[in-house]
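# Survey of secondary and tertiary structure
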Amino acid sequence: MKYLIVLACFTITLSFTSCNNTAQRSEEVASYTYEEEKVEMNNQLKAAIPAWVKEGTICYGLVVQIDQEKNPVKGRPVKAKVVQIGKDAVKMKALETVSLVEFESCSKMGISKGEIWDEKEGDLYLSKEEAIEALKKMKIYKLAEGTTAN
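Everything numeric here is computed off the predicted structure, so don't read it as measured data.

### Focus: the overall build of the protein
A count of helices and strands for the protein gives three helices and eight strands. Secondary structure of the protein in N-to-C order comes out as α-α-β-β-β-β-β-β-α-β-β. When burial is assessed residue by residue, the protein has 27% of its 150 residues classed as buried. A separation of at least 24 residues holds for 55% of the contacts in the protein among residues at least 6 apart in sequence.

Printed below as a string of structure tokens:
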């Protein structure tokens, strides 16, 4: 019986102590202020990225295959969303799957829906037609397997 009384006293003391701590924490949380940092693109990226690019914008990027010498070989537009604008890159999320090459034994060449990439070159376009025109100017637009448009 003596142990039961000691245990009850200990439990009551503990509950009063924790209630006081909870009240102090509530005051701390209520007085907390969050200051959002505004991230601005560096000047080099600002010059490359179009002015209309804002977080949440749906636009078109380019999926480009390059050869060993870093030269573009073929490309296709990909519908994407601007997820985040950072200091050194614009984070983009693919809204569709685009494949440049489809072989059974070949690793994936393209981009899958939901994949994220950092856009640093500024190859973003408001419409699919604008993206196709840019690829045509580079002479790498891929219409279908084995064909290109100039």
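### Looking at the environment of Leu126
Checked against the element boundaries, Leu126 lands in the loop between strand E6 (116-119) and helix H3 (128-137). What makes Leu126 partly exposed here is its relative accessible area of 48%. A C-alpha to C-alpha distance of 6.2 Å links Leu126 and Tyr60, two positions 66 residues apart in sequence. Not counting residues within four places of it along the chain, the set of residues in contact with Leu126 comprises Trp52 and Tyr60.

### Quick look at the pairing of strand E3 (residues 90-94)
Burial along E3 is one-sided: the residues Val90, Met92 and Ala94 are buried and none of Lys91 and Lys93 is. With five bridges joining them, strand E2 (residues 72-85) and E3 adopt antiparallel strand pairing. The partner of Lys81 across the bridge, within E3, is Lys93. Where E2 hands over to E3, the hairpin turn is made up of four residues, counted between the paired strands.

### Side note on the nonpolar core
Within the largest apolar cluster, 19 residues are counted, with the highest numbers of intra-cluster contacts made by Val90 and Met92. Within the residue set of this core, elements represented by two or more residues are strand E1 (58-66), E2, E3 and strand E4 (98-101). With sequence-adjacent residues up to four places away left out, Met92 is seen in contact with Cys59, Ala80, Lys81, Val82, Val83, Glu115, Ile116, Trp117, Glu119 and Leu124. Among the nonpolar cores identified, the runner-up in size contains nine residues, and Ala131, Ala134, Ile140 and Tyr141 belong to it.

### Overview of the pattern of salt bridges
Scanning all chains against the criterion turns up one salt bridge. As a salt-bridge pair, Asp118 and Lys91 come within 3.1 Å of each other at their nearest N and O atoms. Of this pair, Asp118 sits in strand E6 while Lys91 is found in strand E3, placing the two residues 27 residues apart along the sequence. Overall, Asp118 belongs to the partly exposed group, its relative accessible area being 41%. Here Lys91 falls in the partly exposed class, since its relative accessible area comes to 27%.

Thresholds, definitions, all that
Residues numbered from 1 in each chain as written. Predicted model: local features only at pLDDT ≥ 70, side-chain atom pairs only at ≥ 80, totals over all residues. Heavy atoms only, no water. Helix = DSSP H or I, 4+ residues; strand = E, 2+ residues; numbered from the N terminus. Buried < 20%, exposed > 50% of the residue type's maximum accessible area, 1.4 Å probe, protein only. Contact = heavy atoms within 4.5 Å. Pairing = 2+ DSSP bridges. Core = buried A, V, L, I, M, F, W, Y, C linked by side-chain atoms within 4.5 Å. Salt bridge = Lys/Arg side-chain N within 4 Å of Asp/Glu carboxyl O.

Everything listed is a geometric property; what it means functionally is a separate question.
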